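Analysis of the macromolecular model
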Amino acid sequence: MGIIKAFKLGFDYLKYDEDGNVQDTQRAVDDVNLDIEAGEFVAILGHNGSGKSTLAKHLNALLLPSEGTLWIDGTATDEEPELWKLRQKAGMVFQNPDNQIIGTVVEEDVGFGPENMGVPTEKIWKRVDESLQKVGMTAYRHHSPNKLSGGQKQRVAIAGIMAMRPKCIVLDEPTAMLDPNGRREVLKAVRELNQQENVTVILITHYMEEVIHADKVYVMDEGKIVMQGTPKEIFSQVDTLKKYRLDVPQVTLLAHELRKSGVDIPEGILTTEELVSALCR
Amino acid sequence: MLRDITLGQYYPANSVLHKLDPRTKLAGTMVFIISVFLFHTLPGYAVATLFLAAMIAVSKVPVKFMFKGLKAIVMILMITVVFNMILTPGEVLWKLGFLKVTREGVQLAVRMAIRLTYLVIGSSIMTLTTTPNQLTDGLEKALRPLNKIHVPVHEISMMMSIALRFIPILLEETDKIMKAQIARGADFENGNLIQKAKNMVPLLVPLFISAFRRANDLAMAMEARCYHGGEDRTQMKPLKYAAWDRAAYGILAAYLAVAIAFRVAGI
């Protein structure tokens, strides 16, 4: 069994009327099966309202399933009385960098997680030093988070999660509010964590460019997982992706159009270099 | 820009007072306030002045910052002085119509003026040398015994420090909403007081909505980072008394003893 496993996971948002009776239910996650191995880089794609953020909140036990089961490192989320112990294993980075930084100084914010876990003081300092190092924010440790750029804030947030030494980090659209530079910064940090520290990464996004380095991609639509496979397998199905209102990277689209008009190149080209070598063959 | 606003009035410097534990400074301020009320004669006030001057010198904060706080209480100070002078019965010095200035009145007025001024300067020394965060930490630790009577000390101090962190963010947001509403034709400048207050509605409603949304996000982010209240929580920067603090407590005890001795001896 992988580090995160979901079996027939379902979740309903309930809408209450004025008397507190359930008026309406909306299925946000429907019959989702997942099995994520430790050390993998997994991307979950979907357009707005596809249920990907709701699914993300399950991976961190912020929401508990209405149906089915979700296991984090072998423990079912609805059977653990102290949920914060699960949250330590699967850290979560949110979309808005301002709303997830608690400390007034960068290093204090990174120390917040370990403080909550009851780590002794000297060890907190060690963890904070290491985590800031890993995301390249050591130079800013005494700064106020308010004066950092979006990408820097998001890296501080990632350091804050890393200081909890999680086995897995879930990033819920971490780059949606950032400019292209900030986006690159954050993705680079995430990829390095995955490769060097062997942390399992689950990246939730609707930017196609961000998933080309993933080991595995899941595509969600209307609460269901509708496609899964390697980035190459996913991106070779340009027309299916369009049906789910997702755009493929420009290079892939160009290659797809060239192929349609008769140029002999393979499907599923992800980078400019690949296209160049395919064309020069 | 709004984001450069500094909260409180912390003046960064590298002095012994800055390095002291916030609890020591809180205790020191309390002792000083008590002493100001214990002293009631000229030699007594001389001792208090000496102590205050020494503290200002040690703090390395420019003197003008100390007196800034006084601006806020000038009105109160004037009213206190005038009323004390004319309303205290006793030996009449001057008489103007029904107003009588008495010797006792003048004495009392001077005493009150000195007390109020010293109170403000004394507490300014604390706020100028302590960051709001240190102050919150100090209060949390100093008030911890109240936990026994079910005062949620940790929660209160957590709320205070979160408020401190979000004030600049919300100020920035106010600025943004204000500009957005001005671009849509809102008018925040003209009209009388009631109109102005009404004009604030398109500013306040979005601000409140956004503040609630932020609170919700933050609560979730805190939960995701294992926050589960003050139990079993450790601290990254725990407050510890150092040699400075023990020395400071010694000086405070001596000072308080002098103040009590003066009062008992009636000097």
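Residues numbered from 1 in each chain as written. Chains lettered and ligands numbered in written order. Predicted model: local features only at pLDDT ≥ 70, side-chain atom pairs only at ≥ 80, totals over all residues. Heavy atoms only, no water.

Looking at the overall build of chain A
To keep things clear, this is the line we draw: Secondary structure elements follow DSSP: runs of H or I of four or more residues count as helices, runs of E of two or more count as strands, with numbering from the N terminus. With the radius of gyration taken over C-alpha atoms, the globule rule is written as 2.2 Å times the number of residues to the power 0.38. By definition, residues are in contact when any of their heavy atoms lie within 4.5 Å. Areas reported here follow the Shrake-Rupley algorithm with a probe of radius 1.4 Å; residue values treat only the protein chains shown as occluding. Counting rule for charge: Lys and Arg are taken as positive, Asp and Glu as negative, and neither His nor the chain ends is counted. Just so you know, the charge point we use is NZ for Lys, CZ for Arg, CG for Asp and CD for Glu.
Of regular secondary structure, chain A possesses 11 helices and 10 strands. For a compact globule of 281 residues, the expected C-alpha radius of gyration is about 19 Å, and chain A comes in at 20 Å, within 12% of that figure. If you line up chain A on its principal axes, its C-alpha atoms span 65 × 55 × 40 Å. Contacts in chain A between residues at least 24 apart in sequence constitute 62% of all its contacts with a sequence separation of at least 6. With an accessible surface of roughly 12,500 Å², chain A has 46% of that area assigned to carbon and sulfur atoms. Across chain A, the centroid of the 32 positively charged side chains sits 4 Å from that of the 43 negatively charged ones.

Details of the sheet that holds strand 5 (residues 75–76) of chain A
Residues and elements named next belong to chain A. Short version of the rule: Pairs of strands are assigned from DSSP output, requiring at least two bridges between the strands.
Sheet architecture is open: four strands sit in the order 2-1-4-5, paired in antiparallel fashion. Either end of the sheet is taken by a strand with one partner, and the two such strands are strand 2 (22–36) and strand 5. Examined bridge by bridge, strand 4 (residues 67–72) and strand 5 share two bridges and lie antiparallel to one another. Counterpart to W71 in the pairing with strand 5 is A76.

Considering the domain arrangement of chain B
Test applied: Domain boundaries shown here were taken from an automatic or database domain assignment.
Taken domain by domain, chain B comprises domain 1 (2–142 + 239–265) and domain 2 (151–224). A C-alpha centroid distance of 35 Å is found between domain 1 of chain B and domain 2 of chain B.

Re the sheet that holds strand 8 (residues 200–205) of chain A
All names here are of chain A. Let me state the cut-off plainly: Fitted lines through C-alpha atoms serve as axes, helices being fitted only where they are in contact, and the angles separating the N-to-C directions of these axes extend from 0 to 180 degrees.
Across the sheet, which stays open at both edges, the six strands sit in the order 6-7-8-3-9-10 with mixed pairing between neighbours. On the outer flanks of this sheet lie strand 6 (90–93) and strand 10 (224–229), each paired with one strand and no other. Across the sheet, the axes of successive neighbouring strands diverge by a mean angle of 20 degrees, strand direction being ignored. In this structure, strand 9 (residues 216–221) lies alongside strand 10, joined through five bridges in antiparallel fashion. Residue pairing for strand 10: V219 is matched across the bridge by M227.

A short note on the packing of aromatic side chains
Heads up, the condition is: Ring pairs shown here join Phe, Tyr and Trp side chains whose ring centres sit within 6.5 Å, with only the six-membered ring taken for Trp; geometry is labelled stacked below 30 degrees between planes, edge-to-face above 60, and tilted in between. Relative accessibility thresholds used throughout: buried, under 20% of the residue-type maximum; exposed, over 50%; partly exposed, between the two (1.4 Å probe, protein chains only). Either the NZ atom of lysine or the CZ atom of arginine qualifies as a charge over a ring when it sits within 6 Å of the ring centre and within 35 degrees of the ring normal.
Counting across every chain of the model gives 10 aromatic pairs over all chains. Where A:F112 meets B:Y227, the ring centres are 5.8 Å apart and the plane angle is 20 degrees; that geometry is what we call stacked. Highlighted residues: A:F112 in helix 4 (residues 112–117) and B:Y227 in the loop between helix 10 (201–224) and helix 11 (243–265), drawn from two different chains. The exposure classification of A:F112 matches that of B:Y227, with both residues buried. Centre to centre, the rings of B:F32 and B:F51 are 5.9 Å apart; their planes meet at 20 degrees, and the pair counts as stacked. You can see B:F32 sitting in helix 2 (residues 22–38) and its partner B:F51 sitting in helix 3 (residues 42–59), a full 19 residues away along the chain. Here the two residues B:F32 and B:F51 agree in accessibility, since each one is buried. Site record: aromatic cluster; members linked through ring pairs are B:F32, B:F39, B:F51, B:Y118, B:Y255 and B:F262. A:R183 extends its terminal NZ or CZ atom over the ring of A:Y207, reaching a point 4.0 Å from the ring centre. Note that B:R23 overlies the ring of B:Y241, its terminal NZ or CZ placed 4.1 Å from the centroid.

Remarks on unusual backbone geometry
Residues and elements named next belong to chain B. Even without a glycine there, the phi angle at K60 is positive, about 60 degrees. The residue K60 is located in the loop between helix 3 and helix 4 (63–71) in this model. For K60, a relative accessible area of 54% corresponds to the exposed category. The backbone of C226 shows a phi angle near 70 degrees, a positive value even though the residue is not glycine. In this fold, C226 is placed in the loop between helix 10 and helix 11. You can call C226 buried: its relative accessible area is 0%.

Some details on the interface of chain B and chain A
Here is the rule: Throughout, buried area stands for the accessible area (probe radius 1.4 Å) lost by two parts on being put together, summed over both. Any Lys or Arg side-chain nitrogen found within 4 Å of a carboxyl oxygen on Asp or Glu counts as a salt bridge. Polar contact is the term for a pair of N or O atoms within 3.5 Å; when the atoms are in protein, one must be able to donate a hydrogen and the other to accept it, and sequence-neighboring residues count only if both atoms are side-chain atoms. Under the scheme applied here, ten amino acids are nonpolar (Ala, Val, Leu, Ile, Met, Phe, Trp, Tyr, Cys and Pro), four are charged (Asp, Glu, Lys and Arg), and all others, including Gly, are polar.
Taken residue by residue, the interface counts 28 residues in chain B and 40 residues in chain A. Interface of chain B and chain A: buried area, both sides summed, is about 3,100 Å²; carbon and sulfur atoms make up 55% of it. Looking at the side of chain B facing chain A, the largest losses of area belong to B:R165, B:R225 and B:M236, adding up to 31% of the total buried there. Along the contact surface separating chain B from chain A lie four salt bridges. Ionic pairing is found between A:D109 and B:R225, a salt bridge with its closest N-O pair at 3.5 Å. Summed over the shared surface of chain B and chain A, the number is 18 residue pairs in polar contact (both at pLDDT 80 or more). Take the side of chain B that touches chain A: its biggest share by element is eight residues, from helix 10 of chain B. Here the side of chain B that touches chain A is composed, by residue class, of 14 nonpolar, four polar and 10 charged.

Digging into helix 8 (residues 153–183) of chain B
Put simply, the test is: Residue count minus one, scaled by 1.5 Å, sets the expected span of a helix. In this scheme, the bend at a residue equals the angle between the axes fitted to the seven residues that finish there and the seven that begin there.
An ideal rise of 1.5 Å per residue puts 45 Å on 31 residues; helix 8 of chain B measures up with 44 Å between its terminal C-alpha atoms. Maximal helix bending in helix 8 of chain B amounts to about 35 degrees, located at B:F166; proline B:P168 follows within four positions.

Side note on the nonpolar core
Residue and element names in this part refer to chain A. What counts, and what does not: In this description, a nonpolar core means a group of buried Ala, Val, Leu, Ile, Met, Phe, Trp, Tyr and Cys residues linked to one another through side-chain atoms lying within 4.5 Å.
Core analysis: the largest hydrophobic core is formed by 50 residues, its most contacted members being I158, I169, L171, V217, V219, F235 and L241. Here this core takes six residues from helix 6 (residues 150–162), the largest share from any one element. Dropping the residues within four chain positions of it, L171 is found in contact with V93, I158, V190, V201, I202, L203 and I204. Judged by nonpolar contacts, the second largest core, of 32 residues, contains V32, L55, I72 and L83.

Brief notes about a nonpolar patch on the surface
Going by this rule: In this analysis, a patch consists of residues with relative accessible area above 30% that form no salt bridge, clustered at 9 Å for like charges and at 5 Å for the nonpolar side chains Val, Leu, Ile, Met, Phe, Trp and Tyr.
There is a patch of nonpolar side chains on the surface, built from B:V74, B:M75, B:I76, B:M78, B:I79, B:V82, B:F83 and B:L87 and spanning about 800 Å² of accessible area. Considering the arrangement of structural elements, one finds B:V82 in helix 5 (residues 74–87).

Here we look at the pairing of strand 3 (residues 41–45) of chain A
All names here are of chain A. The buried count for strand 3 comes to five of five residues, which makes it a mostly enclosed element. Burial of strand 3 is two-sided: the residues F41, A43 and L45 facing one way and the residues V42 and I44 facing the other way are all buried. Looking at chain direction, strand 3 and strand 9 are connected through four bridges and run parallel. Each residue of the ladder has a partner; that of I44, found in strand 9, is Y218.

Section: the side chain of B:T129
Within the element layout of this structure, B:T129 appears in helix 6 (residues 103–129). Sequence-distant contacts of B:T129, defined by excluding residues within four places in its chain, comprise B:Y10, B:L17, B:H18, B:K25, B:S59, B:V61 and B:Q134.

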